[in-house]
Structures are given as structure tokens and as C-alpha cells.
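Understanding the architecture of this molecule
Listed below, chain by chain, are the residues.
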Amino acid sequence: MKILLIEDEPELAEVIRDSLEKELYLVEHAPDYDSAMEKVALYEYDCILLDIMLPGGSGLDILEELKKESIDGNVIIISAKDSLDDKLKGLGLGADDYLTKPFHIAELNARIKAVFRRKNLNGSNQILTGNTVLDLNERTFTVDGELFSLNRKEFDILNYFLVNKNRLITKNALAEHVWGDHIDQSDNFDFIYYQIKNLRKKLQSSDAKIEIQSIYGVGYKLVEL
Amino acid sequence: MLDEIHDSIDDGLDNYKLLIIKRTEDDATVLQKTDFEEGNYTIHKIAESEALRMRDYFTDTLLYMQNEDDLEPVRMLTSAFKHGEDYYQLTVFNSTVEEDDLIEDLFYSILWLYIILVISIILINNVVLRKLWTPFYSLLNELKSYRIDKNVPLPTVTGETKEFKELESAVNALIIRARETFYNQKKFTENASHELQTPLAIISTKLELMLEKESLDPANAENIEQILQTIQRLTKLNKSLLLLSKIENRQFNEPSLVDFSKLVNQCVEDLEDFANFRNIEISVDKSANLTYLMDESLASILVSNLIRNAIFHNIPNGKVHIIINENSFQVTNTGKKEELDSSKIFDRFQKETNTNSGTGLGLAIVQAICKLYGFEVGYSYDREHCFEVKMG
């Protein structure tokens, strides 16, 4: 999988690249408008991470160019501007997603995976891990072909863990992803712990060959057994 | 004025006296005239001693006048002269002004003058001055209703009066300066918040990556985790400030008809897990349909901030009760058994406790949204805390 990262802030570009390389993606970096235009014209990418405010031009112009040349870029906009206008403009110009800085690495991973899944959709939309199948269309979870019921939030949590397999998900990232902005108070950690405990119990009782591990008490990661 | 008239008459009488005395030298019959009759003088023979004692003197007196058939005021000169060896007394008179008539006439003239003056002043004031000052008052009215935060055209002066034109340009220069300062200040929070996003993204992403390292020892990991928490708070704070300044800068302009009961249900559903976890019971009472034409994301923030507050500042096993009426909604919750300071709770960074969780901006955002749409938001306490939003 080849990803083009268009981001002018070198330090941010570096950490994003590090993180993406952990997922074994091939990452190329364009730090400004001109080099970005050159790269999208010359090469083909599976996904483009696009910053809007760039030296030399606007990311939205790059998006327009892609649309004009009908290049299938699978663009995710990453912008410091949480502006509805930009969002609507970007999505209207064919971007797949819009992520506001600062974001959690796990969130970026999830968005990229979602883009890939949509791209390689062959009728089904499933995540296969170990002996488990998470069907995103049917919203079902099966272990060894046997159906297990999960409630809405448990399904969302498991989905988030599965797309971030072997990666750390901080409690904050999880809370934000599953409960949105609604839970931002200090006691959310006990709450998340409680939710994870329930999910773990379900996974154990289902003989799933996946496990959610605690990492330093900071967060969790899902591993295949 | 009367003195002047007397003086003039006196001169005439003096002159007349001399003429008569001169005439007596030519015509002795004149000396026989002891009554006024057709002439304006009388001559009486008097004793020498009396004549020598006498000085010329003027008197005002009344005499019967044939033409007026009445006593009229006259000026009378009494004098003495010597003719041959004899002494005579001469009395000359001249009719003088009728003082009361004069005063009356004068009074009326002055009265008329005064009335005409007043009428002219009123006319000039009302017609001419009003017309002259029209541009001034129209400018004044424009200034009274001028709001610097609204992008309306600058006030203008009609007409060509130089002074008013100068006033207009001075006022406009002032408004432009004030407006610039106002916008810069408003933009500052927004720009600062935007500029903070990228550095925050770098720090938090780097730390998250660092935490993934297997080699990290638990104590370091805990430190990093604490830093991440702090950054998280900073990020939330930054986002809230950004939202607040966006609301105040009126950057939300996607009004649609918002159904509040739907919004409340959605919000309750989102928070259900958390409420259940803390054993808080949420109930919703809907007595009417509440809809309003406003930005949907703001409506959602308004509702969710209030409900979130009610859940997070609640006690374990507490209750949250939401009532939706025709043009208001209420969120009531159990909580601390004391009234909050209603004059302060909507201010920025007013936290009831020193828990480091909230941003202290939740209710400030609620108030900013209400202000934007002209809603009225109030707090009351009657064993339970109650927040009510009334829509116009």
C-alpha cells in the first residue's frame, strides 16, 4: 500500500510517517504545494493524506486538480482548521474523509483502513482476525462461524481495536472514537475500564483467538493469540 | 423720553414768554389779558415785593380744553416781568403729552414688538433651524443605532454643510478604527487556537508513538501518560475556545429546522452508557413539539452541554429530568445540596470544584449560543439544580 503524505510541518510529517510505516505502508512525503502536485501527477497512490494550508498553495486546489484529472486518490484531509466550510468543500471535491488536528494515531489508522476497505470492497465488508469475523455491513461478530451478540458500543470498540491490531489505543482515543465529544471528564477512565472489562469477558467466553491487553495502564492493544 | 418732551416744551414756553414780554412794549392792551380765552397766556399785575421774590417756574397742571371737553394736562410757566413802573405776573401754558395715553401706546407697541419677535423666533427655530440641523440629527440617530459588531454601512451626512461633513469624516474614521480593533481582538482567539493545533498534534502524536515502544519502563510510561492527559486537556480547552470565538464571530450560518426532542433523545442515547455506569436515571418529558430554525451543530452542542453537565455534576444514583415544552426546555438534576452562584456559573472558567477534568467553558458556550439566537438561559435551585432555556 502506497501513501502520499502532504504535510508542511516536518515534525508532524515525521511522526505520521513513523506510525504509518509500522503498518507496513510505503510512505512518501511532499512538504509543499509544488512537490505535491508533481508527485500526484507522476505516481499513483492508494491513499493521500492532505493538509489544506500548504506553502505555495491550498490543498483544496490539489484536490480540484485530482478531480479534474480524474485521479483516484482516496484523499483524507488532515487540517488544523475545524471549519465546516473547508470540510464541505473538501468532501464536495471528492475527499473521502476529514480529520482535524490534533488527532490520535489510532484514529488516523482507522480512517485509512476504512478508506482501503471501501476501495477494495468486493461485496462484503468484513474484518477477519484469527478465528473471528467482524461484519461491518451486518454489524455481526462471529467466532468460528458462531454468532455472538454485542451491543452497539461493544461492536464499535471491537471494530476500533481490530483496525488498530497490535497498536496502542489510548483511553482518550477510544473514548473519543466511541463516545465522541460527550465524555471528556476525569471519571471517564473508570468507565472505559468497565466497558473493556465487559468486552474482554465476552471475548473470553466466546473462545475468540484475540485478546485485549492493557498497556501500562495508559491504554489497550488487541493482539491475535 | 418724557423729560425730553418736557424740556422741549419748556424751551418753547420760554421763547413764548419772551415774545409776549416784547409785545407788551409795543401793545399795552396785552397787559389787560387776565384770562386764557383764545390765547395761551394771562397777565396779572402784582406787587413789587412779590415780583422780586418770584423765580420762573414750570408746573404740570390740568386745564379745561374745549375740543376734548375734558381736563387735559398742560405745561405751565409762571414768570414775572416789569413794564414801566409796574410789575406783572405772566403765566404761559402749552398743552403737553397725555402721559397715560403715551404709556398705554408705548405699552402696546412694545407688546406687539415682543409678540412679533417671539413668533419670528419660533418660526426661525422651527423652520429654518430645523432644516439646517436635519443632517446633524439624522447622523446622530444613525450613530445611536450603530453597532460596531454588525457589518453595516458607515453613517453618512446629507447636504453640503462643511461642519457636518467634517463631523461625518471624523465619526467614520473613529468607527473604522474601533471596528478594526474589535475584529482583530475577535480574530485573535481564533487565530491563536488554530496555530496551537499543529504543535499539539506533534506533541501528542510523538508521545503516543513513544508509548508504543516495548522498551519503555512502567514509571516512564506513567509519566508520558500524565503528559498526554495534560495535552488532552489543553486540546479540549483549545477546541472549546475556538468554538466559543466562532460562535461569537457568528461563523455558524447553516440554519435548519431543528427538532429538539429528537436532539434530546439522541443525546440521551449517546450518554446512556455513562449514565448507567454511574447509576443515574435519565427521564424525558415532552409536552409539546419544540422546533427552532438554527444551526444544527450548535443546537446539538447546546443540548448536550446541558445534559452532560447534569450527568457529570450529579451524585451516584442521582436523577436527570428533561422537560420539553412548547418554547422552552429544562434540564433538572440532583447534585450537590447547595445552590450555585447563578451570577457566575455562565462565566468562562468558573469551575464549581477544582476537578481538573472540565474545561470550565461548557456553560459559557451554552450562554454564547443562547445569546446568538436571543434565547434566555437561566438557573434555579429548588433542592435540584435546574437549567432552563427559553426561546423567543
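Residues numbered from 1 in each chain as written. Chains lettered and ligands numbered in written order. Predicted model: local features only at pLDDT ≥ 70, side-chain atom pairs only at ≥ 80, totals over all residues. Heavy atoms only, no water.

**Overview of the pairing of strand E2 (residues 57–65) of chain B**
All names here are of chain B. Rule in force here: Two strands form a pair only when DSSP identifies at least two bridges running between them. Secondary structure elements are taken from DSSP: a helix is a run of H or I of four residues or more, a strand is a run of E of two residues or more, and numbering for both begins at the N terminus.
Sheet analysis places E2 next to strand E3 (residues 70–83), joined by nine bridges and oriented antiparallel. Paired with Met-65 across the strands is Asp-70, a residue of E3. Counted along the chain from E2 to the antiparallel partner E3, the turn is four residues long, and its residue Asp-69 has a positive phi close to 55°.

**Some remarks on the sheet that holds strand E9 (residues 328–333) of chain B**
Residue and element names in this part refer to chain B. How we decide: Angular values range over 0 to 180 degrees, each being the angle between N-to-C directions of two axes fitted as lines to C-alpha atoms, with helices fitted over their stretch in contact. Working rule for contacts: check all heavy atoms of both residues, and any pair within 4.5 Å makes them a contact.
Reading across from one edge, E6-E8-E9-E11-E10 is the order of the five strands in this open sheet, with mixed pairing throughout. Among the strands making up the open sheet, the edge pair consists of strand E6 (281–286) and strand E10 (376–382). Strand-to-strand, the axes of this sheet are offset by a mean angle of 15°, without reference to chain direction. For E6 and strand E8 (residues 319–324), the ladder comprises six bridges, and the chain directions are parallel. Residue Lys-286 lies in a different strand from E8, and its bridge partner there is Ile-324. Where helix H7 (residues 296–312) meets the sheet, its contacts fall on E6, E8, E9 and strand E11 (384–390), and the angle it forms with E9 comes to roughly 20°.

**Notes on the domain arrangement of chain B**
All names here are of chain B. To keep it simple, the criterion reads: How far each domain reaches was decided by an automatic or database domain assignment. Two parts placed together each lose some accessible area under a 1.4 Å probe, and the buried area is that loss summed for both. Each polar contact in these results corresponds to two N or O atoms within 3.5 Å; when the atoms are within protein, one needs to be able to donate a hydrogen and the other to accept it, and residues that are neighboring in sequence are counted only if both atoms are side-chain atoms.
Once the domains are mapped, chain B shows domain 1 (2–97), domain 2 (163–248) and domain 3 (255–390). When each unit is reduced to the centre of its C-alpha atoms, the spacing between domain 2 and domain 3 is 26 Å. Opposite the nine residues of domain 2 that make contact, domain 3 presents 13 residues. Taken over both partners, the interface formed by domain 2 and domain 3 buries close to 990 Å², and the fraction arising from carbon and sulfur atoms is 76%. One can count one residue pair in polar contact (both at pLDDT 80 or more) joining domain 2 with domain 3.

**Section: the sheet that holds strand E4 (residues 86–95) of chain B**
Residues and elements named next belong to chain B. Across the sheet, four strands lie side by side as E1-E4-E3-E2; this open sheet has antiparallel pairing. Looking at the sheet topology across the chains shown, the edges are occupied by strand E1 (41–46) and E2. On average, each strand axis in the sheet is inclined to that of its neighbour by 30°, with strand direction left out of account. Each of E1, E2, E3 and E4 is contacted by helix H1 (residues 2–26), which is oriented at about 45° to E3, the strand it contacts most.

**Focus: the packing of aromatic side chains**
Applicable threshold: Note on ring pairs: Phe, Tyr and Trp rings are taken, using the six-membered ring of Trp, and paired if centres are within 6.5 Å. Classes follow the plane angle, with under 30 degrees stacked, over 60 edge-to-face and the rest tilted. Here's how the labels work: a residue is buried when its accessible area is under 20% of the maximum for its type, exposed when over 50%, partly exposed in between, all with a 1.4 Å probe on protein chains only. Charge over a ring is defined by NZ of Lys or CZ of Arg lying within 6 Å of the ring centre and within 35 degrees of the ring normal.
Considering all chains together, one arrives at 22 aromatic pairs over all chains under this definition. Ring centres of Phe-107 of chain B and Tyr-108 of chain B lie 5.4 Å apart, and the angle between their planes is 70°; this geometry places the pair in the edge-to-face category. Pairing Tyr-292 of chain B with Tyr-373 of chain B gives two aromatic rings, centres 6.4 Å apart and planes at 80°, and the pair type is edge-to-face. Of the two residues, Tyr-292 of chain B is situated in strand E7 (residues 291–295) and Tyr-373 of chain B in helix H8 (residues 362–373); the sequence distance between them amounts to 81 residues. For Tyr-292 of chain B, a relative accessible area of 23% translates into the label partly exposed. Linked through ring pairs, Trp-179, Phe-191 and Tyr-194 of chain A together with Phe-274, Phe-277 and Phe-312 of chain B together constitute an aromatic cluster. The ring of Tyr-45 of chain A is capped by Lys-2 of chain A, whose NZ or CZ atom sits 5.1 Å from the centre of that ring.

**Thoughts on the packing of helix H6 (residues 152–163) of chain A against helix H8 (residues 188–205) of chain A**
Packed helix pairs are characterised by how far apart their axes lie and by the angle those axes make with each other. All names here are of chain A. As a reminder of what qualifies: Roughly parallel means an angle under 35 degrees; roughly antiparallel, over 145; roughly perpendicular, 65 to 115; everything else is oblique. Under the scheme applied here, ten amino acids are nonpolar (Ala, Val, Leu, Ile, Met, Phe, Trp, Tyr, Cys and Pro), four are charged (Asp, Glu, Lys and Arg), and all others, including Gly, are polar.
For the pair H6 and H8, interaxial distance at closest approach is 11 Å and the crossing angle is 80°. One way to sum up the angle between H6 and H8 is to call them roughly perpendicular. Where H6 abuts H8, its residues Glu-154, Ile-157, Leu-158 and Phe-161 lie against Gln-195, Ile-196, Asn-198, Leu-199, Lys-202 and Leu-203. Residue composition of the contact of H6 with H8, by class: six nonpolar, two polar and two charged.

**With respect to helix H2 (residues 33–42) of chain A**
Along H2 of chain A, the positions that sit buried rather than exposed are Tyr-33, Ser-35, Ala-36, Met-37 and Val-40 of chain A. Packing partners of the buried residues in H2 of chain A comprise strand E1 (2–6), strand E2 (26–30), strand E3 (47–50), strand E4 (53–54), strand E5 (57–58) and helix H3 (59–68) of chain A.

**A few points about the domain arrangement of chain A**
Residues and elements named next belong to chain A. Stated precisely, the cut-off is as follows: Counted as salt bridges are all cases of a side-chain nitrogen of Lys or Arg within 4 Å of a carboxyl oxygen of Asp or Glu.
If you check the domain split of chain A, you get domain 1 (2–119) and domain 2 (126–224). Domain 1 puts eleven residues into the contact, and the matching count from domain 2 is 14 residues. Summed over both partners, the interface of domain 1 with domain 2 buries about 940 Å², with 47% contributed by carbon and sulfur atoms. For domain 1, the biggest contributors to the area lost against domain 2 are His-104, Ala-106 and Arg-117; these three give 52% of the whole. Taken together, the connections running from domain 1 to domain 2 amount to one salt bridge. A salt bridge links Arg-167 to Glu-23, with the shortest nitrogen-to-oxygen separation between them at 2.9 Å. Put simply, domain 1 and domain 2 have seven residue pairs in polar contact (both at pLDDT 80 or more) between them. Contributions of two or more residues to the side of domain 1 that touches domain 2 are made by helix H1 (10–22) and helix H5 (105–119). For the side of domain 1 that touches domain 2, the element with the highest residue contribution is H5, accounting for seven residues.

**With respect to the packing of H1 of chain A against H5 of chain A**
All names here are of chain A. Here is the rule: For a crossing to be left-handed, the near helix must be turned anticlockwise from the far one by less than a right angle; the clockwise case is right-handed.
Direction vectors running N to C along H1 and H5 enclose 60°, while the axes themselves pass 11 Å from each other. With respect to their mutual orientation, H1 and H5 come out oblique. At the point where H1 passes H5, the crossing takes the right-handed sense. Here Ile-16, Ser-19 and Leu-20 of H1 come into contact with H5, specifically with Ile-105, Leu-108, Asn-109 and Ile-112. Taken together, the residues that form the contact of H1 with H5 break down as five nonpolar, two polar and no charged.

**Considering the pairing of E2 of chain A**
All names here are of chain A. For clarity, the cut-off: For crossovers, right-handed means that the path from the first strand over the helix to the second runs clockwise, given strands pointing away from the viewer.
With five bridges connecting them, E1 and E2 associate as parallel partners. Of the residues in E2, the one forming a bridge with Lys-2 is Leu-26. Handedness of the E1-H1-E2 crossover: right-handed.

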